[in-house]
Amino acid sequence: MCGIVGFWTANGINPIEARMLARRMATRLTHRGPDDSGEWVDEALGLAIAHRRLSILDRSATGQQPMESPSGRYVLSFNGEIYNHLCLRKCLVRDGFKSGFKGHSDTETLSAGLDQWGLEDTLNRSVGMFALAVWDRKNRVLSLARDRVGEKPLYYGVHGRTFLFGSELKALQVHPEFERRVDEQAMCLYLRHGYIPAPWSIWSGIKKLVPGSVLKVNLGFSNGLAEPENYWTLSESIECGSREPFSGSDNDAINEFDSLLRRAVANQMVADVPLGAFLSGGIDSSSIVALMQAQSSRPVKTYTIGFTESKYDEAIHAAEIAKYLGTDHTELYVSPRQAMSVIPQIPVLYDEPFGDSSAIPTFLVSQLASQHVTVALSGDGGDELLGGYGRYNMQTANRVWRWGNRFRYILTNPIAESMQKSVADAMDYSIEMGCKLTGTIAVRSFRSQLDMGLSLIRCESLDDVYRTTISQWREFPLLDSSCVVPCGPPYIYTLNASVASSLDRMMAMDTLSYLPDDILVKVDRAAMANSLETRIPFLDHRVIEFAWRLPHHLKVRDGVGKYLLRRVLNKYVPQSLFDRPKMGFGVPVAEWLRGPLCEWAADLLSETKLLKYGIFEPRPIRKRWADHLDGRRNWADSLWLVLMFQAWRDNDASTESFDFVN
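The residue numbering used here restarts from 1 in each chain and proceeds along that chain's sequence as written. Totals for whole chains, interfaces and linings use all residues, but because this is a predicted model, local features are given only for residues with pLDDT of at least 70 and pairs of side-chain atoms are given and counted only at 80 or more. Think of the side-chain values as coming from all heavy atoms in the structure, minus any hydrogens and water.

### Observations concerning the overall build of the protein
Point 1. Counting from the N terminus, the helices are DSSP H or I runs at least four residues long and the strands are E runs at least two residues long. What the protein contains, in helices and strands, is 27 helices and 17 strands.
Point 2. Buried residues are those whose accessible area, probed at 1.4 Å on protein chains only, stays under 20% of the maximum for their type, while exposed residues exceed 50% and partly exposed ones sit between those limits. Looking at the protein as a whole, 60% of its 662 residues are labelled buried.
Point 3. Here a residue-residue contact requires only that any non-hydrogen atoms of the pair lie within 4.5 Å. Expressed as a percentage of contacts within the protein between residues at least 6 apart in sequence, the contacts between residues at least 24 apart total 73%.
Point 4. Under the convention used here, a 1.4 Å probe and the Shrake-Rupley method define accessible areas, while residue burial counts only the protein chains that appear. About 26,500 Å² of surface is accessible on the protein, with carbon and sulfur atoms providing 50% of the total.

Spelled out as structure tokens, the structure:
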């Protein structure tokens, strides 16, 4: 794993100053690559490319970057791992590559592939995770590319006269032409999703490169950038799966999926440094560890974090799995104080507002693993591929929505909405008075369900149903409400019409946005902050493509998700060790906000602080804060989004006021 960064200034640059600036930008990525660094500069064209290296394969000088291709035509700066690079070397030789290899790094394999096959063909042949920059000296084109699912990050944009790109925003901010202007559309999307989906970033003029795409930049970049072009899309994989569905028996599917995932795990276990795995005790991570141990002659090193609050603690289950499989297991029980000590670091780690509180345990387990290994395999991605989230069992939500379709006019006219508000107000009053006879918890739960039901009735499509179920703030508490809020990433809501079922559509939407922009961002930044490389076997594109050939009953059966994966895991681990309700990887934020985090939160959510930043409308936020403190409602998730923005704003190095940009 590494960090890449660079810039292209239209009118040329002083080579010494350019190299120093590129080095300073790369230094902000030292955590991503503590082992080595390098710069490459073309002063006449104003182009500088820099690299920070975390040595995983070929730790010698032959793996240094930026790397020139054997012909000298291409200059490559690469972050990631190509798991099939040894197979690619054989293909290169077969196809006539005669220059020979100096070392055994996957970067050298890629650079040879550029000479032999060109960029797009090389990407299509590669199995792995990556973000890269390639300078073509012959055609004077700079290409940026990102892996198929978005495991590795890549930001880019034009500020002033300069095109900027890099693995993290903190590196771009070093450049003197970088402008700090908050993008209001990105802010609205953050309040809806809890993260900022690609292609947006928090900063105006800076985008995230969409997974599975290539951006080509030429000398005319100051007149505008071309749109990225896809070399792989999930939509095509879904369409292919529809045309060629899996037709074997359940046992055939189990065996084929076992074989595919086993091969992906084996490929990702190759490293020249110590390797281990995260083990939460859940189905996904247990499956990855089981397949690792089945192919290892030594105990696999596994790591888990435990919490003293039993509601959030899976460490005991992880320990049982580890004992059965015979792994070399390390667990760390974390006190609330230790967990909360991570919170001030979140704005630094993520560079932009990030509202997923599970970033806290993810950072802690990465910190634990990094003390012993340099690479850790993770079980992320299984939920999105195999129907693991509770919201995929959407029969109830779909019934409410379809019923509401018949009576939408009656239920959404002004008189009906006024009556609904009166009922809601009466319920709020009942909650406030205690409702001791019926139990406040039951009333709170019913009020939340009522709110969701009324919102679902107003939905006009399955996409609206999805957007409603994931939204933390359905009405954005912003001072400037004039911005036209996008529905979300454009490639999500233009999925092929054949993706019509609620299960398929929700899984596809999550794979296109929630997975890369929340889950993978969370894992990448938390791990790289500890100079730890993470690898995710479920996201081998061949595993993804097979999963989309499977019928629904192999994903969700009798209301339970991941049926196929449960059957695979049962080949290695007794069902009694993993057959339990899904817990997730969370922390008790709701309780902390009423307890040890109350003073910190109260300061950030004060009317003075909210108005000072000129972004939030305080009244709805203050109302939710009061309701949460009094126990009337649990607003922890939506309040956490505001708190993380406020904390990020406080942390930013600039003291200047931010301007919203529509």
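After presenting the structure, the write-up continues.
### Overview of unusual backbone geometry
Point 1. Residue Pro 66 is reached from Gln 65 by a cis peptide bond, and omega for that bond is -5°.
Point 2. Within the fold, Pro 66 resides in the loop between strand E3 (47-53) and strand E4 (67-68).
Point 3. With an omega dihedral of 10°, the bond running from Ala 198 to Pro 199 counts as a cis peptide bond.
Point 4. With respect to the helices and strands, the residue Pro 199 is situated in the loop between helix H6 (184-193) and strand E10 (206-208).
Point 5. Unusually for a residue other than glycine, Asp 351 sits at a positive phi of about 70°.
Point 6. As for its position among the elements, Asp 351 is in the loop between helix H12 (346-350) and helix H13 (359-370).

### Quick notes on the sheet that holds E3
Point 1. What makes two strands pair is DSSP finding at least two bridges between them. If you walk across this open sheet you meet the six strands as E2-E3-E1-E9-E8-E10, and the pairing is antiparallel. The open sheet has two edge strands, strand E2 (36-42) and E10, and neither has a second partner. The mean inter-strand angle of the sheet, taken between neighbouring strand axes irrespective of direction, is 10°.
Point 2. Two elements, E2 and E3, share seven bridges in a ladder whose sense is antiparallel. Across the sheet, Gly 38 pairs through a bridge with His 51, a residue of E3.
Point 3. Geometry is summarised by axes, namely lines fitted to C-alpha atoms with helices restricted to the contacting stretch, and by angles between N-to-C directions that run from 0 to 180 degrees. Running over the sheet, helix H1 (residues 15-27) touches strand E1 (2-9), E2, E3 and strand E9 (162-166) and is turned about 145° from E1.

### Focus: the pairing of E9
Point 1. The buried count for E9 comes to five of five residues, which makes it a mostly enclosed element.
Point 2. Of the two faces of E9, the one lined by Thr 162, Leu 164 and Gly 166 and the one lined by Phe 163 and Phe 165 are each fully buried.
Point 3. With five bridges joining them, strand E8 (residues 155-159) and E9 adopt antiparallel strand pairing. Residue pairing in the sheet places Tyr 155 in a bridge with Gly 166 of E9.

### Observations concerning the packing of helix H19 (residues 462-470) against helix H20 (residues 502-528)
Point 1. H20 packs onto H19 with a crossing angle of 55° between their chain directions and a minimal axis gap of 10 Å. Relative to H20, the element H19 lies oblique. Regarding H19 and H20, the two cross each other, and that crossing is right-handed. Each of Leu 462, Asp 463, Tyr 466 and Thr 469 in H19 lies in contact with H20, whose residues at this interface are Ser 502, Arg 505, Met 506, Met 509 and Asp 510.
Point 2. Broken down by class, the residue content of the contact of H19 with H20 amounts to four nonpolar, two polar and three charged. Working definition: roughly parallel below 35 degrees, roughly antiparallel above 145 degrees, roughly perpendicular at 65 to 115 degrees, and oblique for all remaining angles. A clockwise turn of the near helix away from the far one marks a right-handed crossing, whereas an anticlockwise turn of less than a right angle marks a left-handed crossing. Each residue gets one of three labels, nonpolar for Ala, Val, Leu, Ile, Met, Phe, Trp, Tyr, Cys and Pro, charged for Asp, Glu, Lys and Arg, and polar for the others, Gly among them.

### With respect to H13
Since the α-helix packs 3.6 residues into each turn, any two residues three or four apart lie on the same face.
Point 1. Residue count minus one, scaled by 1.5 Å, sets the expected span of a helix. Helix length check: H13, at 12 residues, gives a terminal C-alpha distance of 16 Å against a target of 16 Å (1.5 Å per residue), a fit within 8%.
Point 2. Counted residue by residue, H13 has 10 buried out of 12 residues, so it is predominantly covered.
Point 3. Buried residues of H13: Ala 359, Ile 360, Pro 361, Thr 362, Phe 363, Leu 364, Val 365, Ser 366, Leu 368 and Ala 369, and no others.

### Things to note about the pattern of salt bridges
Point 1. Salt bridges are defined as contacts in which a side-chain nitrogen from Lys or Arg sits within 4 Å of a carboxyl oxygen from Asp or Glu. Summed over all chains, the structure comprises 32 salt bridges.
Point 2. With a shortest N-O distance of 2.8 Å, Glu 168 and Lys 170 are connected by a salt bridge. Note on accessibility: Glu 168 and Lys 170 belong to one class, buried.
Point 3. The partner of Arg 632 in a salt bridge is Asp 627, and the shortest N-O contact between them spans 2.5 Å.
Point 4. Connected through shared salt-bridge partners, Arg 32, Lys 152, Glu 168, Lys 170, Asp 351, Asp 524 and Arg 525 make up one network.

### A word on helix H9 (residues 283-294)
Point 1. Relative to the 16 Å expected for 12 residues at 1.5 Å per residue, H9 spans 16 Å between its end C-alpha atoms, a close match to the ideal helical length.
Point 2. Of all 12 residues that make up H9, 11 are buried, and the element is covered over most of its length.
Point 3. Looking at H9, one finds that the buried residues are Ile 283, Asp 284, Ser 285, Ser 286, Ser 287, Ile 288, Val 289, Ala 290, Leu 291, Met 292 and Gln 293.

### Topic: the pairing of strand E7 (residues 141-146)
Point 1. Where burial is concerned, most of E7 is hidden: six out of the six residues are buried.
Point 2. Judged by which residues are buried, E7 turns out to be covered on both faces: Val 141, Ser 143 and Ala 145 on one side and Leu 142, Leu 144 and Arg 146 on the other are all buried.
Point 3. As judged from the six bridges shared by strand E6 (residues 128-136) and E7, these two strands associate in the antiparallel manner. For Asp 136, the partnering residue across the bridge sits in E7 and is Val 141.
Point 4. In this sheet, strand E11 (residues 213-217) lies alongside E7 in antiparallel orientation, the contact comprising four bridges. From the neighbouring strand, Ala 145 faces E11, where its bridge partner is Val 214.

### Considerations on the sheet that holds strand E14 (residues 301-307)
Remark on secondary structure: sheet strands pair via backbone hydrogen bonds, oriented parallel or antiparallel.
Point 1. Taken together, five strands build an open sheet; the order of strands is E15-E14-E13-E16-E17 and the sheet is parallel. The sheet is open, and its two borders are formed by strand E15 (328-334) and strand E17 (533-535), each paired with just one other strand. Within the sheet, the average angular offset between the axes of one strand and its neighbour, ignoring direction, is 30°.
Point 2. The sheet contact formed by strand E13 (residues 275-278) and E14 spans three bridges and is parallel.

### Let's talk about the packing of aromatic side chains
Point 1. Aromatic contacts are taken between Phe, Tyr and Trp rings whose centres are within 6.5 Å, Trp giving its six-membered ring; a plane angle under 30 degrees counts as stacked, one over 60 as edge-to-face, and the others as tilted. The full count for this structure, using the stated rule, is 16 aromatic pairs.
Point 2. Consider the rings of Trp 8 and Phe 221, whose centres lie 5.4 Å apart with planes at 50°: the pair is tilted. Of the two residues, Trp 8 is situated in strand E1 and Phe 221 in the loop between E11 and strand E12 (229-230); the sequence distance between them amounts to 213 residues.
Point 3. Relative accessible area serves as the criterion here: at 0%, Trp 8 is assigned to the buried category.
Point 4. Seen from their ring centres, Phe 178 and Trp 203 are 5.9 Å apart, and the 85° between their planes marks the pair as edge-to-face. You can see Phe 178 sitting in the loop between helix H5 (169-172) and H6 and its partner Trp 203 sitting in the loop between H6 and E10, a full 25 residues away along the chain.
Point 5. Every member of this aromatic cluster is reached through a ring pair, and the members are Trp 8, Trp 135, Tyr 156, Phe 163, Phe 165 and Phe 221.
Point 6. The lysine or arginine in question, Arg 624, covers the ring of Trp 473, its NZ or CZ lying 3.9 Å from the ring centre. For a Lys NZ or an Arg CZ to count as sitting over a ring, it must be within 6 Å of the ring centre and within 35 degrees of the ring normal.

### Focus on the nonpolar core
Point 1. By size, the foremost hydrophobic cluster in this structure holds 173 residues, and its most contacted members are Phe 7, Leu 132, Met 187, Ile 202, Phe 257, Ile 360 and Phe 616.
Point 2. With 14 residues, the top contributor of residues to this core is H20.
Point 3. Discounting chain neighbours no more than four positions away, the residues touching Phe 257 are Leu 386, Phe 538, Val 543, Phe 546, Leu 564, Leu 565 and Val 568.
Point 4. Joining through side-chain atoms within 4.5 Å is the link that ties buried Ala, Val, Leu, Ile, Met, Phe, Trp, Tyr and Cys residues into a set, and such a set is a nonpolar core. Membership of the second largest hydrophobic core comes to 20 residues, among which are Ile 4, Leu 45, Ala 133 and Leu 215.

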